[in-house]
Amino acid sequence: MNYRKRRGTEEERRILTLLRDRGFAVIRSPASGSKRKDPVPDIVAMKDGVILLIEVKSRRNGKQVYVKRDQAEGILEFAHKSGGELFLAVKRPRELRFLKFSELRRTDGGNFVATEDAIRAGLDLDALVRYVESKFSKPLDSFL
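Think of each chain on its own: its residues are numbered from 1, step by step along the sequence as written. Only residues with pLDDT of at least 70 get local features here, since the model is predicted, and only at 80 or more are side-chain atom pairs given and counted; chain-wide, interface and lining totals rely on the full set of residues. Note that the side-chain values use all heavy atoms of the structure and ignore hydrogens as well as water.

I'd like a description of the sheet that holds strand β2 (residues 43-47), backed by residues and values.
For two strands to be treated as a pair, DSSP must find no fewer than two bridges joining them. Helix and strand definitions here come from DSSP, where helices need a minimum of 4 consecutive H or I residues and strands a minimum of 2 consecutive E residues; each element is numbered from the N-terminal end. Ordered in space as β1-β2-β3-β5-β6, the five strands form an open sheet in which the pairing is mixed. The strands lining the two open edges of the sheet, one partner per strand, are β1 (25-28) and β6 (95-100). Pairwise comparison of adjacent strand axes, ignoring direction, gives a mean angle of 25° for this sheet. Here four bridges tie β1 to β2, and the two strands are oriented antiparallel to one another. When the sheet's bridge partners are listed, Ile 27 is paired in β2 with Val 44. Residues are treated as being in contact if the distance between any of their heavy atoms lies within 4.5 Å. Angles here are taken between N-to-C directions and fall from 0 to 180 degrees, while the axes themselves are lines fitted to C-alpha atoms, restricted in helices to the stretch in contact. Helix-sheet contacts for helix α2 (residues 69-82) involve β3 (50-58) and β5 (85-92), and the interaxial angle to β3 is about 165°.

Below, the structure written as C-alpha cells:
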C-alpha cells in the first residue's frame, strides 16, 4: 500500500475510534475510494437513530479539498438511499473538521470543493457530537 493510501486508512481508523469512544456505532468501508460500482462513504456512524456518512480527506497543508464528481455522486446517492447525513471530514495537521456535504461548492466541472474558509468554519469533533445529540434530545414537556 502506498504512503498516501496508508495515511488515509490510518486517519479513517482514528476517526472511527474517536466516534466509537463517544458512543457511536461505527463501521469503516474498506473498499471506499476504490473503483467499485457502488461508491460508499469511508465511515458510517450511528447514534440513537441518527446516521452520519463521512468521507475522509487528509491534507498536509491548508489548501482546498476536492471530491471528484463520480465519487461525490455515488456517496450522495448512498446518502439519499440510506437517509443518512453526509459529511466531509478534513484532517490537517493538528486539526480535524467536519463539513456538511451540502455546504460544499460545486465546480464548473462537477467536482465538489471545500475552501480553506469552509474548512476553518467546519465542526470540530465535539461540535459534531453535540449536533447529533441535538437531533434526539427531547423537549421538557415530553417528560410530563
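Give a description of the side chain of Glu 95 that names residues and reports values.
The topology assignment puts Glu 95 in strand β6. Under the rule applied, a polar contact is a pair of N or O atoms within 3.5 Å (in protein, one hydrogen donor and one hydrogen acceptor; residues adjacent in sequence only if both atoms are side-chain atoms). For Glu 95, the side chain forms a polar contact with the side chain of Arg 97, separated by 3.4 Å.

Can you lay out the environment of Leu 52 for me, pointing to particular residues and giving the numbers?
Inspection of the secondary structure assignment puts Leu 52 in strand β3. On the basis of relative accessibility, which here comes to 0%, the residue Leu 52 falls in the buried class. Placed 80 residues apart in sequence, Leu 52 and Val 132 show a C-alpha to C-alpha distance of 8.6 Å. Contact partners of Leu 52, with chain neighbours within four places excluded, come to Phe 24, Ile 43, Val 44, Ala 45, Glu 85, Phe 87, Leu 128 and Val 132. Remark: exposure states derive from per-residue accessible area (1.4 Å probe, protein chains only) relative to the maximum for the residue type, with buried under 20%, exposed over 50%, and partly exposed in between.

Can you break down α2 residue by residue, with the values?
Expected span of a helix, by definition, is 1.5 Å for each gap between consecutive residues, and there is one gap fewer than residues. Between the first and last C-alpha of α2 there are 20 Å, a value that for 14 residues agrees with the 20 Å anticipated at 1.5 Å per step. In this structure, the buried residues of α2 make contact with β3, β4 (65-67), β5 and β8 (112-114). One or two residues past the end of α2 sits Gly 83, with phi positive at roughly 80°.

So what's going on with the packing of aromatic side chains? Which residues, and what values?
Pairs were defined over the aromatic rings of Phe, Tyr and Trp, the Trp ring being its six-membered one, requiring ring centres within 6.5 Å. Orientation was assigned from the angle between planes: stacked under 30 degrees, edge-to-face over 60, tilted for the rest. For the structure on display, the rule yields two aromatic pairs. With a centroid separation of 5.3 Å and 40° between ring planes, the pair formed by Phe 101 and Phe 112 is classed as tilted. One end of the pair, Phe 101, is in the loop between β6 and β7 (105-106); the other, Phe 112, is in strand β8, and eleven residues separate them in sequence. Judged by its relative accessible area of 8%, Phe 112 falls in the buried class. For a Lys NZ or an Arg CZ to count as sitting over a ring, it must be within 6 Å of the ring centre and within 35 degrees of the ring normal. The ring centre of Phe 24 lies 5.2 Å from the NZ or CZ of Lys 47, which sits over that ring.

Go over the side chain of Ser 58 with me, naming the residues and quoting the values.
Position of Ser 58 among the secondary structure elements: in strand β3. Since its relative accessible area comes to 16%, Ser 58 is described here as buried.

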